[in-house]
Amino acid sequence: MKVLVINCGSSSLKYQLIDMTTEEALAEGLVERIGIQGSILTQKVKGRDKYIVENPLKDHQDAIELVLNSLVHEKFGVIKSMDEISAVGHRVVHGGEKYSQSVLVDEEVMKNIEEFIKLAPLHNPPNIIGIKACQKLMPNTPMVCVFDTAFHQTMPEKAYVYPLSYEYYENDHIRRYGFHGTSHKYVANKVAETMKKDIKDLKIITCHLGNGVSVTAVDGGKSIDTTMGFTPLAGTIMGSRCGDIDPAIVMYLVKEKGYNIDEVNEILNKKSGILGVSGVGTDFRDIRSAMGENNKRAILATDIFGYQIKKQIGAYAAVMGGVDAIVFTAGIGEHAPEVRIRALTGLEFIGIKLDTTKNDSHEVGDGMLISAEDSGVKVYVIPTNEELMIAKETLALV
Ligand code: ADP
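Residues numbered from 1 in each chain as written. Predicted model: local features only at pLDDT ≥ 70, side-chain atom pairs only at ≥ 80, totals over all residues. Heavy atoms only, no water.

As recorded in an unreviewed UniProt entry, the protein goes by the name Acetate kinase, listed as coming from Clostridium weizhouense. UniProt, in its Pathway (unreviewed entry) section for the protein, records the words "Metabolic intermediate biosynthesis; acetyl-CoA biosynthesis; acetyl-CoA from acetate: step 1/2." Its UniProt record, at the heading Function (unreviewed entry), says of the protein: "Catalyzes the formation of acetyl phosphate from acetate and ATP. Can also catalyze the reverse reaction." (UniProt positions renumbered as here; feature names shortened; annotations may be inferred.)

Here it is, written out as structure tokens:
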């Protein structure tokens, strides 16, 4: 059985065709600049040269048509016909309070995720467009929505209700939702598997450190708290997002600096985080080079990054009454020992002891243990695989 996983952004689309027997990606690809001049598809198949198509693509339907053509391409494809695709799993960012699980797409589901556009104005619209385009081209193939928010729907009220007037929660659904759920769920399960323990018996802190950053407390397999909030702007410092700041700073920027609300939005989302602090860039590799040249602000950005993750580990160990395992994942989590050492040093008092040699290793493979032999808490680096998780959830529903 083969499942196509689609992750639609506003002008890009990532995809993978996964063989569910081996759980291997037969092909993976990226379509960029959809609806803008210079549209391009890049498809990778293990052991082959990249397949690149530069074709004008006016919309997502054109893009998905090109994806399907590339998958069945005589020379560069991996399947003979579209009929070999048993189901399509779509990443959908916001499932509101309605969806705590993945669901098969039907009219009601579509209506609901359209309703959630007001909660995720940047993300849900392209996700919806992607589903509709697939439905047109593959009308008889079942489709599944896998929500970024679903895994966090198990949080207790005290973790998700903001201390605002309660009416904003009741009437406007302003609350903590949390994101990256598919990734947190995947790595938490992977840790349990690696430790050969039932996830129900484990207290795990999952740190997804990519361009976006979120940390989650997973108690007995359930998310009980997470750092992202009403939107993915909340939490710890990120590539270009500020994370949690004093909300009064927003008023100050408007009143004293004269910015309008769109400008403030741009400042907090695009000009803050490690970019804002370092002045170097959003990519940690650039921060690393700058640190090599003793750039003080690049060092400060990395210090803030590690410090904030450390505070979060402490907080989540406290709310769970202990911690058995910590896992680092996503671009920075997997590849930045500089951040991990800052996040983990000094936590011996709760049983965390890092093996600094292992921490410096770049041989992550399927996952590596970076805590010392005698560490009470196991610390792992595990590459996330949101696509495989989406494919698994899709398979389970069809
Ligand atoms: P996204 O949140 O966009 O899915 P990723 O999980 O792919 O992001 O993470 C992307 C980020 O990971 C990059 O912006 C960069 O900061 C960081 N990163 C990727 N590779 C490395 C590396 N080799 N060393 C340090 N940081 C890296």
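Asks: Lay out the overall build of the protein in plain terms, naming residues and giving numbers.
Replies: Helix and strand content of the protein: 15 helices and 14 strands. Here the C-alpha atoms of the protein give a radius of gyration of 21 Å, agreeing with the 21 Å that 2.2 N^0.38 yields for 398 residues. By principal-axis analysis of the C-alpha atoms, the protein measures approximately 60 × 55 × 45 Å. Here the protein holds 398 residues, and 48% of them are scored as buried. Pairs at least 24 residues apart make up 60% of the contacts formed inside the protein by residues separated by at least 6 positions. For the protein, the accessible surface area stands at approximately 19,000 Å², while carbon and sulfur atoms represent 50% of it. Each charge sign in the protein was given a centre, from 43 positive and 52 negative side chains, and these centres are 2 Å apart. (Helix = DSSP H or I, 4+ residues; strand = E, 2+ residues; numbered from the N terminus. Rg over C-alpha atoms; globule rule 2.2 N^0.38 Å. Buried < 20%, exposed > 50% of the residue type's maximum accessible area, 1.4 Å probe, protein only. Contact = heavy atoms within 4.5 Å. Areas by Shrake-Rupley, 256 points an atom, 1.4 Å probe, with all protein chains shown as cover. Lys, Arg positive; Asp, Glu negative; His and termini not counted. Charge placed at Lys NZ, Arg CZ, Asp CG, Glu CD.)

Asks: Outline the sheet that holds strand 8 (residues 143-147), supporting the account with residue identities and numerical values.
Replies: Across the sheet, eight strands lie side by side as 5-4-3-2-1-6-8-7; this open sheet has mixed pairing. Bordering the open sheet on either side are strand 5 (51-53) and strand 7 (103-104), each of which pairs with just one other strand. Taken together, the two bridges between strand 7 and strand 8 define a ladder with antiparallel strand orientation. Residue pairing for strand 8: L104 is matched across the bridge by V144. The strands touched by helix 1 (residues 60-71) within the sheet are strand 1 (2-8), strand 2 (13-19), strand 3 (24-32), strand 4 (40-44), strand 5 and strand 6 (85-92), with strand 2 carrying the most contacts at an inclination of about 35°. (Pairing = 2+ DSSP bridges. Axes fitted to C-alpha atoms, helices over the stretch in contact; angles between N-to-C directions.)

Asks: Give a detailed account of the pattern of salt bridges, specifying residues and quantitative values.
Replies: Should the charged atoms of two oppositely charged side chains come close, the side chains can pair. Under the criterion given, the structure shown has 16 salt bridges. Two residues, K2 and E84, come together in a salt bridge whose shortest N-O distance is 3.2 Å. Placement of K2 in strand 1 and of E84 in the loop between helix 1 and strand 6 is noted, with a sequence separation of 82 residues between them. With a relative accessible area of 28%, E84 lands in the partly exposed category. Taking the shortest distance from any N to any O, the salt bridge between D219 and K203 comes out at 3.6 Å. (Salt bridge = Lys/Arg side-chain N within 4 Å of Asp/Glu carboxyl O.)

Asks: Which residues make up the state of the cysteines, and what values go with them?
Replies: As used here, a disulfide is simply a covalent bond connecting the sulfur atoms of two cysteines. Tallied over the entire structure, the rule returns zero disulfides. Summary of cysteine pairing: C8 is not part of a disulfide, and the nearest cysteine sulfur, belonging to C134, is at 7.3 Å. In this structure C8 comes out as buried when scored by relative accessible area, which is 5%. The class for C134 is buried, based on a relative accessible area of 0%. (Disulfide = S-S within 2.5 Å.)

Asks: Tell me about the pairing of strand 2, residues and numbers included.
Replies: Burial within strand 2 is extensive, with six of its seven residues counted as buried. Here seven bridges tie strand 1 to strand 2, and the two strands are oriented antiparallel to one another. Bridge pairing links I6 to Y15 in strand 2. Taking the residues that link successive antiparallel strands as the turn, the strand 1-strand 2 hairpin has four residues. By the bridge criterion, seven bridges tie strand 2 to strand 3 in an arrangement that is antiparallel. Residue pairing across strands places Q16 opposite E28, the latter belonging to strand 3. Taking the residues between adjacent antiparallel strands as the criterion, strand 2 and strand 3 are bridged by four residues, where E23 takes a positive phi near 60°.

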